[in-house]
Amino acid sequence: MAEFFNNLLSKRAFRSSDSSDDSTTSPEAKKPKKYDSPLTEGPEQEEDEVMAALNMSEEVAAKVQKILEKLEKLDTIELSLKKIESKLAKLETRTTELEAFKEEAKKDISELKDGANFASKQLQEKSQELTKAQAEITELTRKVQKHEEAVKETESKCLYLEAYSRRENIKFMNIEEGPQDQPEDTEEILRDFLERELGYVDAQSVEFQRVHRTGKTKDGNPRPILARFLRYKDVQNIFSLGHRLKGSKFQMFRDLPTEIVKRRRVQMETFKTAKRRGIPAAFSQAQPDKLYIRGRLWPVGKELPS
């Protein structure tokens, strides 16, 4: 339709240009003359009618031009509407897909909720089982600690019994050995040592259960002599003379279990410090790993105050 009106306007413009070329009159001559009488007919009347028709065609052309412009806009709108319709169709398709996805998502969410509820229930049950197991472990730990303490106490008691069974024993260090190619009378060597080094007057009357050397020679030093006395009173008397060995190479010790010796070694520095300061200090006879200072049990690891 727009093309039809364009063609019509172009033809009108062509005709107007031809008439303007042939006319030699001024524009004023082209204006319609005043109508004198309806009975008067002639070339002038015809010219007036033509000019009126031309003016009318110009108005029509202007209107047609506006119509054409509106038609072009309508064509543009129509194209836009088609694009919008296409987009709406795509949007509708996408909406349908989203609805399907939404339904699928709802289904998945529902399944996830069911799974989460099941997992939560399982977790709660496991948590309760774990709490119960922790309580059982705590109780077992307490029992184990109690048993360990009982075992340690039993071990200590066994050590104390062993130490008590060795209370008649004394270990003498650095007493010279006799010739290797001759049998040694260890008992006589010990009696002679007691008389000569300790000044023990009853050395010859001392009764032994057994006297022998122990261990192996180390760095050329003589092996220790382990003597088991018949009477504990002799042991006490001999230890009371131990100060006479101070400054010599000879030493004597109580025959204690190795574990007791380790426990005493931890407290030995405190014991020596107390002795240097003139503070009463001694290890218990019944429990040889217990150190008493001023008659009171001294905690392991505690230092003497300055």
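Our subject is the structure listed above.
A brief report on the enclosed structure follows.

Parameters at a glance
- Residues numbered from 1 in each chain as written.
- Predicted model: local features only at pLDDT ≥ 70, side-chain atom pairs only at ≥ 80, totals over all residues.
- Heavy atoms only, no water.
- Helix = DSSP H or I, 4+ residues; strand = E, 2+ residues; numbered from the N terminus.
- Expected span 1.5 Å × (residues − 1).
- Buried < 20%, exposed > 50% of the residue type's maximum accessible area, 1.4 Å probe, protein only.
- Arc of directions from axis to C-beta.
- Contact = heavy atoms within 4.5 Å.
- Pairing = 2+ DSSP bridges.
- Axes fitted to C-alpha atoms, helices over the stretch in contact; angles between N-to-C directions.
- Core = buried A, V, L, I, M, F, W, Y, C linked by side-chain atoms within 4.5 Å.
- Salt bridge = Lys/Arg side-chain N within 4 Å of Asp/Glu carboxyl O.

Think of an α-helix as 3.6 residues a turn; residues three or four steps apart then line up on the same face. In a regular helix each residue adds 1.5 Å, so 13 residues correspond to 18 Å; helix H4 (residues 186-198) covers 17 Å between its end C-alpha atoms and thus fits that length. For H4, the full list of buried residues reads Thr186, Leu190, Arg191, Phe193, Leu194 and Leu198. Taken around the axis of H4, the buried residues stretch over an arc of 155°, which confines them to a single face. As for H4, its buried residues are in contact with strand S1 (169-173), strand S2 (208-213), strand S3 (225-229), helix H5 (232-240) and strand S4 (251-254). Where H4 ends, the next residue or the one after it, glycine 199, has phi of about 70°, a positive value.

A sheet is described by the order of its strands in space; here three strands give the open sequence S5-S6-S7, paired in antiparallel fashion. Across the chains shown, the open sheet's two edge strands, defined by having one partner strand only, are strand S5 (281-283) and strand S7 (296-297). Looking at chain direction, strand S6 (residues 291-293) and S7 are connected through two bridges and run antiparallel. Counted as the bridge partner of isoleucine 293 is arginine 296 from S7. Docked against the sheet, helix H6 (residues 258-276) engages S5 and S6, running at close to 155° with respect to S5.

Right, let's get into the nonpolar core. Judged by nonpolar contacts, the single largest core of 22 residues is most densely connected at Phe172, Leu190, Phe193, Leu194, Phe229 and Ile238. Listed by contribution, the elements that provide at least two residues to this core are S1, H4, S2, S3 and H5. Top contributing element to this core by residue count: H4, with four residues. Contacts of isoleucine 238, omitting those with residues within four sequence positions, involve Ile170, Phe172, Leu194, Leu198, Tyr200, Phe229 and Met252.

Time to look at H5. Listed as buried for H5 are Tyr232, Asp234, Val235 and Ile238. For H5, the arc enclosing every buried residue in end-on projection is 155°, short of the 170-degree limit, so these residues lie on one face. Each element contacted by the buried residues of H5 is listed here: S1, H4, S3 and S4.

Pairing between side chains becomes possible if they bear opposite charge and their charged atoms approach one another. For the structure on display, the rule yields 20 salt bridges. Arginine 142 is the partner of glutamate 139 in a salt bridge, and the nearest nitrogen-oxygen pair spans 2.5 Å. One end of the pair is glutamate 139 and the other is arginine 142, both in helix H3 (residues 43-165) and three residues apart, which spans about a single turn. Judged by relative accessible area, glutamate 139 falls into the partly exposed class, the value being 32%. A salt bridge links glutamate 177 to arginine 213, with the shortest nitrogen-to-oxygen separation between them at 3.9 Å.

Coordinates in, geometry out; function isn't part of it.
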